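# Structural description and commentary
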Amino acid sequence: MTDSKKDYQKILASVQKPVKGEAGKTGTWSNFKPIIDLEKCIPAKSGKATCFNCWLYCPEAVVTRTIPPKIDLDYCKGCGICMEECPVNAITMEEVKTE
Amino acid sequence: MVNVMDVREEEFINPGTRMCSGCAMALIYRIALKALGPKTIITVPASCLTVLHGMQGFCTTKVSVLHTPFATTGASASGIVASLEEKGLADEICVVAFAGDGGTADIGIQALSGAVERGTNFIYACYDNEAYMNTGVQRSGSTPLGAFTATTPGGKIRPKKNMPKILEAHGIPYVATANGSYPLDLYEKFQKAREIKGSKYIHILSACPPGWGYDPKDTIKLGKLANDTGFWPLYEIINGKLIISKDSKKYLDPSKRKPIQDYFKAQKRFNNISQDEIEVYRRNIDDLWNDFKRRLESQ
Amino acid sequence: MTQTEIADKEKNIKILTGNYAAAHAYMQSRVGVISAYPITPQSPVVEKISEFIRDGKLKAKFLLVESEHSAAAACCAASATGSRVGTATSAHGLMLMYEMLPWASGTRLPIVINLATRSCGAPWSIWDDHSDFIAARDVGWIQFMCEDNQEIYDTNFQAFKIAEDPRVYVPTIVAYDGYLLSHTLMPVQLENQENIDAFLPPLKHHINLSDISQIKGVGPVTTPNIIKREEGTAPGYYEFRYALQKALENSIDVIKEVHDEFAEKFGRSYGNGLFKTYKTEDADTIIFAMGSVSAQTRTVIEKLRADGLKIGLVTLRLFRPFPVKYLRDFFKGKKNIVIFDRAIGYGYEGVLCYELKAALYGLQDPPFIKGFIVGLGGRDVKGEHIIEGVHRALELSKKGEITYETEFLGLKLDELDFLD
């Protein structure tokens, strides 16, 4: 057992530093994942920086505001909000087999 | 009005939080932090947001956060602001208290009232999921009439406490309501609040899939129904002047509002709401909007 | 010291109440944030500090909050943002702060509370006893009890220095008897600011939220176990509380060191910094007490000695951490200990009494110990009560009789007509 005076002096307040995946790979929470149909997706189709509802409404910050938008499936919890909020129904929730 | 490309692209919450799938609060907090930017210190009482921040050692957010006991949010913010003022950093760093409805309308109301009465230069944001969701859905002062919770199994018999009105009565420069389903409006309100000196209060309706009883994918729809039925209007009161926000303005015309039952039917917590209670809601919503109308005409 | 130096020093003697002595100490400690709520008998501390700030003598932010709960919460927040922080309270005020006391110690925030002691209701009483002080015992704070106004002034500087020591980082209570000290005028030697600054340098905190380049979360949910990730490991609740206990145990060395440095710099000492002794060299019987009870006892020691008793007094200064080792060394070989307590552990006995009994556990030929309750709710503690207690204790000691009933001295049950 390490019990020297110096050791305990390093343990002060419970302090956090930022990490990704604090709760682990939350992508494992659901087998259903959003798949974007780039034929329909407005920015993908038009090449213009517009719409991005999937990015805006994502509670988990797993969608990028890029053309086309990309979804980090490692962390996506599969809530389906992006599917609901896509104005052109470009997103479908599909079962993705994970190991 | 900001558009989607005006919203800061940088994220201040790392993916992989402990929040439930489809949590509106996670979205609200994400958008609010974008509006606030990196020069921000947050203080958070016991709530779902504590859990969002993560356990010991590692957090999800990229701004500093002081966790504080349930009843203390307003006082905690005052303490941070006082220390920043002592150091001459108060103009540079924005202090934001972020609490749930229990921490705001119930156990924390005294500290909140004290903090804004003192004119503390901070933003107090209440994300209102209308019950103690973090402890397993018990009723709060902000739970609406007729809603089922674990402690109101027969439906709540008292209406929701009107916190924005209470805060307005303190004579603070900025009071606003917001809704997780209107992130651009929310973003703009946080940006605006950040620029105003003094105490700012933003009360945000936050849909909760497990607590309200609906599919996580419908979070945005639920919030929109709350707006479309006239139940949760979006507005600002800037130095006493009422401004109905763009997304709610049309509901000054009662014929544009959807029936309140549409909102109730979309969630299980209102399964047993009575016809009498629905009548109370209709009346209250009419009264609320009639008050707005009179006020807009007189100012 | 030269004649001019002595004359300079004398100019700095002020007649102050205990509360004002505390306020002066806060000012000279250059406290950055104060957050307090008025309560009798502490309120003059808050009022005096407000005057110091108005007059520009103290450049602190004073948060006039709406309750002691908020006062303590604001203190914790300001301390975590990197400021030197102090507050003052009494009785129900401390009770309302209670939730924040383990929060402050658990976050290792070096906050100082000046506590003008007062009894806790019901029934209402604004008068003195130590029940508020005792109630803050098990939450991980360092606790001092002062005996006069000079000690209040001096102990405050030591309290900040101890609390802020990187080997310690533990919040500290400086207590003194309500009214008996808080409102009583006594000469207090004030020290030059320069010398105070040299003794008490600015706070170097382990947490500073105002430095936003260092992103951190402070005080999150902390689980029963440690957390291991590729980014590193984080202690569990158990490790944090272990570290707090170690910091308190080992703070005794720092407390003595700081006391000795103060004594050397300013020429005033308080026993060994942990407890004070009076006429104990040849004594076989020792009275053990703290605060005002000790002050009262001093006045009758001479009389008891004139009656032929070899008796002395030990005044406890440091209540937490309880200086067990030093007390055991001191009491080894003593015959009798008579304890006068101004607070009870209800359902057991006087608090100092059971604390000392536990501390002396296992001593060979342990002293006979008898405790009495005195002065609850401001009932006068008279010399005659102390004398009565000493004689009763020595009588029991002679017979070797252990009693199990808590005895109150100065009760007036016989004057209540409805008890006839």
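In this text, all values refer to a predicted model and were calculated from it rather than measured experimentally.

A few words now on the overall build of chain C. When helices and strands are tallied, chain C shows 14 helices and 18 strands. Counting only C-alpha atoms and orienting by the principal axes, one finds that chain C spans roughly 70 × 60 × 50 Å. Out of the 420 residues belonging to chain C, those deemed buried represent 52%. Sequence-distant contacts, at least 24 apart, represent 77% of the contacts inside chain C between residues at least 6 apart.

Now for the interface of chain C and chain A. Each side of the interface is counted separately: chain C has 24 residues, and chain A has 12 residues. Of all elements in the fold, only strand E9 (217-218) and helix H10 (237-266) of chain C reach the threshold of two or more residues within the side of chain C that touches chain A. In terms of residues, the side of chain C that touches chain A owes the most to one element, H10(C), which gives seven residues. Partitioning the side of chain C that touches chain A into residue classes produces 11 nonpolar, six polar and seven charged. One ladder, built from two bridges, connects strand E1 (residues 15-18) of chain A with E9(C); its direction is antiparallel. Across the sheet, Gln16(A) pairs through a bridge with Gly217(C), a residue of E9(C).

Quick look at the environment of Ser245(B) now. Residue and element names in this part refer to chain B. Residue position: Ser245 is located in the loop between strand E9 (241-244) and helix H10 (260-265). Judged by the 21 C-beta atoms lying within 10 Å of it, Ser245 is buried. As a C-alpha pair, Ser245 and Thr104 span 141 residues in sequence and 23 Å in three-dimensional space. Residues in contact with Ser245, not counting those within four places in the same chain, are Asp185, Leu234, Tyr235 and Glu236.

Interface size is commonly expressed as the accessible area that is lost once the parts come together. Taken together, the contact between chain C and chain B spans 42 residues of the former and 38 residues of the latter. Contributions of two or more residues to the side of chain C that touches chain B are made by strand E2 (33-36), strand E3 (61-64), helix H4 (68-80), helix H6 (100-106), E9 and strand E10 (227-229) of chain C. By the bridge criterion, two bridges tie strand E3 (residues 64-67) of chain B to E9(C) in an arrangement that is parallel. Among the inter-strand pairings, Leu66(B) is bridged to a residue of E9(C), identified as Val218(C).

What follows concerns the domain arrangement of chain C. All names here are of chain C. Partitioning chain C into domains gives domain 1 (8-206 + 251-266) and domain 2 (275-419). When each unit is reduced to the centre of its C-alpha atoms, the spacing between domain 1 and domain 2 is 28 Å. Taken together, the contact between domain 1 and domain 2 spans 24 residues of the former and 20 residues of the latter. Within the side of domain 1 that touches domain 2, the residues separate by chemical class into 13 nonpolar, six polar and five charged.

This part covers the packing of helix H1 (residues 24-36) of chain B against helix H7 (residues 183-195) of chain B. Residues and elements named next belong to chain B. Viewed as axis vectors pointing N to C, H1 and H7 meet at an angle of 40°, and their least axial separation amounts to 8 Å. Here H1 lies oblique to H7, going by the angle between them. Here H1 runs over H7; the crossing is right-handed. For the pair H1 and H7, contact is made by Leu27, Ile28, Ile31, Ala32, Lys34, Ala35 and Leu36 and by Pro183, Leu186, Tyr187, Phe190, Gln191 and Arg194, respectively.

Rules used throughout
- Residues numbered from 1 in each chain as written.
- Chains lettered and ligands numbered in written order.
- Predicted model: local features only at pLDDT ≥ 70, side-chain atom pairs only at ≥ 80, totals over all residues.
- Helix = DSSP H or I, 4+ residues; strand = E, 2+ residues; numbered from the N terminus.
- Buried ≥ 20, exposed ≤ 12 C-beta atoms within 10 Å, placed from the backbone.
- Contact = placed C-beta atoms within 7 Å.
- Nonpolar A, V, L, I, M, F, W, Y, C, P; charged D, E, K, R; others polar.
- Pairing = 2+ DSSP bridges.
- Domains from an automatic or database assignment.
- Axes fitted to C-alpha atoms, helices over the stretch in contact; angles between N-to-C directions.
- Parallel < 35°, antiparallel > 145°, perpendicular 65-115°, else oblique.
- Left-handed = near helix turned anticlockwise from the far one by under 90°.

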